[in-house]
Structure formats: structure tokens, C-alpha cells
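Structural characterization, general
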Amino acid sequence: MIQNLITRTLYRATFMHTPASPFDDPAGLQVQEDGGILVENGVIAATGTYAELRGAFPTAEVSDLRGGLLLPGFIDTHVHYPQGRVIGGLGMPLLEWLEKNALPEEARLADTTYARAVAQEFTRSLLHNGTTTALVFGSHFASAVDLLFGEAERSGLRAVAGLVVSDRLLRPELHTTPERAYAESKALIEKWHGTGRQLYAVTPRFSLSASEGILDACAALMREFQGLRFTSHINENVAEIGAVRDLFPEARDYLDTYERAGLVTRRSVLAHNVHPNDRELSVMAAHHCTAAHCPCSNSALGSGLFPLKRHLQAGVHVSLGTDVGGGTGFSMLKEGLQAYFMQQLQGENGVPLTPAHLLYLATRAGAKALDLQHITGDFASGKVFDAVLVSPSPRTPLRAVFDAADSPDRLLAATFATGVQGDLACVWAGGKTVYRRELGLAALSS
Ligand SMILES: O=c1[nH]c(=O)c2nc[nH]c2[nH]1
Ligand SMILES: [Zn+2]
């Protein structure tokens, strides 16, 4: 007899998601109280009220998540794998922080035993925080990037990541050549791009540490392989921008250093962009390139106040990133709250963000940035079930709000305002449970 191999689960929960951008559509946030999400083999087959779905699928196994708030898995569009152990280097601007805090630690990933431990910590930290997809700034060492992809695939994290390439002004052990950068990246692409949930992002560190030769090697990879993503840094810090201007006298501005190499496309995500000029914004918009806003990092390193209003007015797509370890941790809830604070602090120049905007920035905006909006980022039918259940434990600050809330909107606002990692009860990636608070990740994935 032919076996029916479909696994079918009906999740019963209050859920929220943003299938449309609240920046464009005031009805972008969709809320379903006592909702149902039917998941078949890891893919969302139907959504609606629980009563409707129960009626239509009376035999489906029910997972009862009432008392919590089910959200799409978070999408962190800028986070550094080798920097998890140096979070908290406060009190320095970018270039000093790189020299004293980040780069010495990044050099340690040459040791594969060290890199393996860091890769495990990193993927665990993301999944524990509800992040199911991340655009990951990799390591300068191909062996360490290989370990990252292996760990991401094993744990269920969708990593869009790559070898970080640089050939000047860092530390000698972090430098490569255009030829080696090309060859090592190519080998990683052939092994990992499109393997399971993994995708490859071509990753020059920033123009300050990348010659035109290495940017051309990056462009050659983008031409040669289909579907690669591109990521780097831009316009983060005033001293950095001045140094890039001196290194690229022919370039019109920072963006032009990437643009001239053909690296600004709809699959490009440029982190920070705190100090853009109008030309850069209009070119980014024309190429549908994303700015990954990293508000905790911008605050910790004193980089500046992100001009969200100017990005939106120019039509530039914006997503959110934690920028660990310049940022202060892996929580996209905290990142959303900090984005909100930084807009509030800008008065008339700021954008008054609502909880719906924060949810969008933490989920669907990231999917769009990575050109994965047909796969993840919301709960529409056909998307994979990447999800996080916010369900605070008894006697926690967020549980008090959840129990007293008279509308679902209060749940979302309070989740961003005061939610922490411990408030997340369960995380699913591709329909599989990858974290459950009571068990911890290790019990599920080892
Ligand atoms: O915030 C940042 N973190 C980094 O590691 C980095 N490298 C270049 N530019 C950077 N900015
Ligand atoms: Zn960064």
C-alpha cells in the first residue's frame, strides 16, 4: 500500500504578520485572534480562524499555542559570525573598535576548533532569539565559513553568508588576494549555495579594506553564479567615509566604489548608511538595493542617527540588522525598539514607527532584502513555516501585560517594548521545531 507521507499540523494561536509593508499600506499588519495555520510538510497550506480550519481539516493534528503570540521567524539582515564573543566593546568609534575589539577576535577563527565552537554559539544565539534567517557576515577564513554553513544547516538556520574578503588596512592574517578570494569563494559557493536552506553572499568587508582588484573579483563571482546575494558596509562613520574618499579619488562617493564594480543590485544589502548623500539614495532606490539599519550598533559605536525618512522618501528599501558584535546582542525585538527610539529622538526628521512597522522591519522587510519574500517573512500560504512563539513564562513582566491585554495590538507593542529572549517559547524553521524553551536547543538538534 502507498503510504501517505504528508505531515500535517494545525497550529492554533493568535498570530500577526505583515504580508504588506505598513510603510505603504496602513492595513499592512494582519491580526488573527484565535487563528489557525495549517502546515503541510513544513509549508503553510492555509490560514484563517481556527474554527474555519478545524472544520475544513478535521483530522489534522492540532498544536495548541493559545496564551501566546505567534509571529513569523525574524530575519536579521546584518550580523557578524566571528564577533559573538566580543559583544560589549563599548566606548569606541568604529575604526578604533575594529582595531582593538573586532579584528583580533576575527583572527582567532583561523583555528578550526575555535571556529567550530563560535559557529555553534552563533547559530544557537540566533535561533534562541527567534531569528530563522540571517544575512551573515562570515569570516576571513574559508574553513571557518564552511563550518558556519555546516552548523547552520544542521541547526535549521537559513544563513545567507559568505567569505569576507579584504586585501588592505586590517591585519596581515586577515588579508587575501583577488585570485585567492575568487578561488576560495567559488569553492564555498559550489558546496553551499542552494544546499538545504543555505545561500551564498559575496562579502567584501568594506571599501576601506578592499582594493578595486578585490571588488572586481567579487563582481566576477556575481556574474558567474546565479542567485548570489551581495553584502558589505557603507557610510557608517564620518572618519571611515573620509578614508574611503581618499582611497578612491575617482569615485563620486562611497556607493560609487561598489557601483562602479557592478555590485549594486536588487540582491545587494548595504549595512548602516547613516550618512548617505542624495545621489547615493537615488541610485540605491533605482537599483532596488537595501539599506540594513543597525540601530543598536549605531548607538553603541556613536555612528549617528539613521535617516530613515530620507531613505523612505527616496524609495530605498530598509531592513533591520543586529550587527553583532558592534551591536549589543541577537534580539531583533531589542533592535526594533532601538530603531523606534532613534526615530523618536529625531523629532520632525524622524519617522514615527508603530509596532506594525517594527514587525515588518524584523520580518518581511528582511525577506524582501534577501529576495526571499516568496519563501519566508510572513504567514501567507505557500511560505515555509518559519515562526516564533512569544509566550512569556508566569511571573515575568511581559506575562503581566499579556494577561491584562484587552486587544492583540497591546501584545505586539509590549513584545517589542519589553520582550526578551526568555519570553520566546518555541521557534520553528521550515516546519521543524529548532528551539523550545523548556528543552533548549541542544536537546532538539544534537
Ligand atoms: O559595524 C561594523 N562592524 C564591522 O565589523 C565592520 N567592518 C567594516 N565596517 C564595519 N562596521
Ligand atoms: Zn557590520
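Cut-offs applied
In this convention, every chain numbers its residues from 1, walking through the sequence in written order. For naming, the first written chain is A and the first written ligand is 1, with later ones following in the order written. In view of the model being predicted, local features appear only for residues whose pLDDT reaches at least 70, and side-chain atom pairs are presented and counted only at 80 or more, with totals across whole chains, interfaces and linings using the full set of residues. Only heavy atoms go into the side-chain values, all of them from the structure, while hydrogens and water stay out. Each helix is a run of H or I in the DSSP string that is no shorter than four residues. Each strand is a run of E no shorter than two, and both are numbered from the N terminus. Based on C-alpha atoms, the radius of gyration is set beside the globule rule, defined as 2.2 Å times the residue count to the power 0.38. By the convention used here, residues are in contact when the closest approach between their heavy atoms is within 4.5 Å. Positive charges are assigned to Lys and Arg, negative charges to Asp and Glu, while His and the chain termini are left out of the count. Each charge is placed at NZ for Lys, CZ for Arg, CG for Asp and CD for Glu. Atoms are scored as donors when they are N, O or S and lie within 2.8 Å of the metal, with 3.2 Å used for Na, K and Ca; no water is included, so coordination may look incomplete. Site shape is set this way: if four donors have all angles between 85 and 135 degrees, tetrahedral; if opposite donors are over 155 degrees apart and all others between 65 and 115, square planar for four donors and octahedral for six; otherwise irregular. We call Phe, Tyr and Trp rings a pair once their centres come within 6.5 Å, taking the six-membered ring for Trp, and we label the pair stacked below 30 degrees between planes, edge-to-face above 60, and tilted otherwise. The rule is simple: take the accessible area with a 1.4 Å probe, protein chains only, and divide by the maximum for that residue type; under 20% is buried, over 50% is exposed, in between is partly exposed. Ring-over charges, as used throughout, are those where CZ of Arg or NZ of Lys falls within 6 Å of the ring centre and within 35 degrees of the ring normal. In this document the domain limits rely on a domain assignment from an automatic tool or a database. Accessible surface is computed with a 1.4 Å probe, and the buried area is the amount of it that two parts give up when combined, taken over both parts together. Salt bridge, as used here: a side-chain nitrogen of Lys or Arg that lies within 4 Å of a carboxyl oxygen of Asp or Glu. Two N or O atoms count as a polar contact when they lie within 3.5 Å, although within protein this holds only if one can serve as hydrogen donor and the other as acceptor, and sequence-adjacent residues are included solely when both atoms are side-chain atoms. UniProt positions are given in the numbering used here, feature names are shortened, and annotations may be inferred rather than shown by experiment. Note on pairing: DSSP must find at least two bridges between two strands before they are called paired. Axes, fitted as lines to C-alpha atoms, cover a helix only where it is in contact. Angles between the N-to-C directions of the axes lie from 0 to 180 degrees. Handedness is read with the strands pointing away from the viewer; a crossover is right-handed when the path from the first strand over the helix to the second is clockwise. The predictor reports its confidence for every residue as pLDDT, a score running from 0 up to 100. Throughout, the term near means that a residue has one or more heavy atoms lying within 4 Å of the molecule or strand in question. Each accessible area value is a Shrake-Rupley result obtained with a 1.4 Å probe; residue values ignore everything except the protein chains displayed when judging cover. Amino acids are sorted into nonpolar (Ala, Val, Leu, Ile, Met, Phe, Trp, Tyr, Cys and Pro), charged (Asp, Glu, Lys and Arg) and polar (every other residue, Gly among them). Here, the term disulfide refers to a pair of cysteine sulfur atoms separated by no more than 2.5 Å.

**Topic: the overall build of the protein**
- Each helix and strand in the protein was counted, giving 17 helices and 16 strands.
- At 21 Å, the protein has a C-alpha radius of gyration in line with the 22 Å of a compact globule built from 446 residues.
- Long-range pairs, those at least 24 residues apart, make up 74% of the contacts in the protein between residues at least 6 apart in sequence.
- Positive and negative charge centroids in the protein, built from 38 and 46 side chains respectively, lie 4 Å apart.

**Regarding the coordination of the zinc ion (ligand 2)**
- At this site the zinc ion (ligand 2) is bound by His-78 (NE2), His-80 (NE2), His-233 (NE2) and Asp-323 (OD), with donor distances of 2.0 to 2.4 Å.
- For the zinc ion (ligand 2), the four donor atoms are set out with angles of 88 to 173 degrees between them, so the coordination reads as irregular.

**Structural notes on the packing of aromatic side chains**
- Per the counting criterion, the structure on display carries 13 aromatic pairs.
- Between Phe-23 and Tyr-360 the ring centres are 6.0 Å apart and the planes differ by 70 degrees, which places this aromatic pair in the edge-to-face class. Note that Phe-23 is positioned in the loop between β1 (8-17) and β2 (30-40) and Tyr-360 in helix α13 (residues 355-362), a separation of 337 residues in sequence.
- Ring plane angle 55 degrees and centroid distance 5.7 Å describe the contact between Tyr-81 and Phe-122, whose orientation is recorded as tilted. With Tyr-81 in the loop between β5 (74-80) and α2 (94-107) and Phe-122 in helix α3 (residues 112-128), the pair connects residues that are 41 residues apart, well separated along the chain. Across this residue pair, the class does not change: Tyr-81 and Phe-122 are buried.
- Feature note: the residues Tyr-11, Phe-15, Phe-379, Phe-385 and Trp-428 constitute an aromatic cluster, connected by ring pairs.
- A cation over an aromatic ring shows up here: Arg-85 above the ring of Tyr-114, its NZ or CZ 4.7 Å from the ring centre.

**Points about the domain arrangement of the protein**
- Parsing the protein into structural domains produces domain 1 (8-73 + 378-436) and domain 2 (74-369).
- Each of domain 1 and domain 2 has a C-alpha centre, and the two are 29 Å apart.
- The largest share of the area that domain 1 buries against domain 2 comes from Phe-23, Gly-73 and Phe-416, three residues that together contribute 31% of it.
- Here domain 1 is connected to domain 2 by three salt bridges.
- For Arg-364, the salt bridge identified is with Asp-378, shortest N-O distance 2.8 Å.
- At the boundary of domain 1 and domain 2, one finds six residue pairs in polar contact (both at pLDDT 80 or more).
- Of all elements in the fold, only β1, β4 (61-72), α16 (408-418), β15 (424-429) and β16 (432-436) reach the threshold of two or more residues within the side of domain 1 that touches domain 2.

**Overview of the UniProt feature "domain: Amidohydrolase-related" (unreviewed entry) in the protein**
- UniProt's feature table lists "domain: Amidohydrolase-related" (unreviewed entry) at residues 70-434, given in the numbering used throughout.
- Secondary structure within residues 70-434 divides into 43% helix and 17% strand; the distance between the first and last C-alpha atoms comes to 15 Å.

**As for the sheet that holds β16**
- Strand order in the open sheet formed by seven strands is β3-β2-β1-β4-β14-β15-β16, and the pairing between neighbours is mixed. Two strands close off the open sheet at either side, each with one partner strand: β3 (43-49) and β16. On average, adjacent strands in this sheet sit at an angle of 35 degrees to one another, irrespective of strand direction.
- Taken together, the six bridges between β2 and β3 define a ladder with antiparallel strand orientation. Of the residues in β3, the one forming a bridge with Val-39 is Ile-44.

**Description of the pairing of strand β7 (residues 158-162)**
- Along β7, five of the five residues are buried, which leaves the element largely enclosed by surrounding structure.
- Side chains Arg-158, Val-160 and Gly-162 of β7 all project onto a buried face; the interleaved residues Ala-159 and Ala-161 project onto the opposite face, where all are buried too.
- Note: strand β6 (residues 131-137) against β7, five bridges, orientation parallel. Pairing of Thr-133 across the sheet is with Arg-158, part of β7.
- Considered for its hand, the β-α-β crossover made up of β6, helix α4 (residues 142-155) and β7 is right-handed.
- One ladder, built from two bridges, connects β7 with strand β9 (residues 199-204); its direction is parallel. Bridging across to β9, Ala-161 finds its partner in Tyr-200.

**Some remarks on unusual backbone geometry**
- For the bond running from Val-324 to Gly-325, omega is 5 degrees, close enough to zero to count as cis.
- Residue Asp-34 is not a glycine yet carries a positive backbone phi of 40 degrees.
- With respect to the helices and strands, the residue Asp-34 is situated in strand β2.
- The backbone of Asn-273 sits at a positive phi, close to 50 degrees, despite the residue not being glycine.

**A few points about the confidence of the model for the protein**
- Taken residue by residue, the protein gives an average pLDDT of 97. The fraction at 70 or more is 97%.
- In the predicted assembly, ipTM is 0.98 and pTM is 0.97.

**A closer look at the site of ligand 1**
- Contacts to ligand 1 come from His-80, Gln-83, Leu-94, Trp-97, Leu-98, Arg-205, Phe-206, His-233, Glu-236, His-272 and Asp-323.
- In the model, a nitrogen atom of ligand 1 is placed 3.4 Å from a nitrogen or oxygen of the His-233 side chain.
- In the environment of ligand 1, an oxygen atom lies 2.8 Å from a nitrogen or oxygen atom belonging to the side chain of Asp-323.
- Contact with the protein chains removes 100% of the 270 Å² of surface that ligand 1 exposes when unbound.
- The element contributing the most residues to the shell around ligand 1 is α2, with three residues.
- For the shell around ligand 1, the residue count by class is four nonpolar, four polar and three charged.

**Some points on the state of the cysteines**
- One pass over the structure, following the stated rule, counts zero disulfides.
- You can see Cys-218 has no disulfide; the closest cysteine sulfur is in Cys-289, sitting 15 Å from it.
- Since its relative accessible area comes to 3%, Cys-218 is described here as buried.
- No disulfide involves Cys-294; its sulfur sits 9.3 Å from that of Cys-296, the nearest cysteine.

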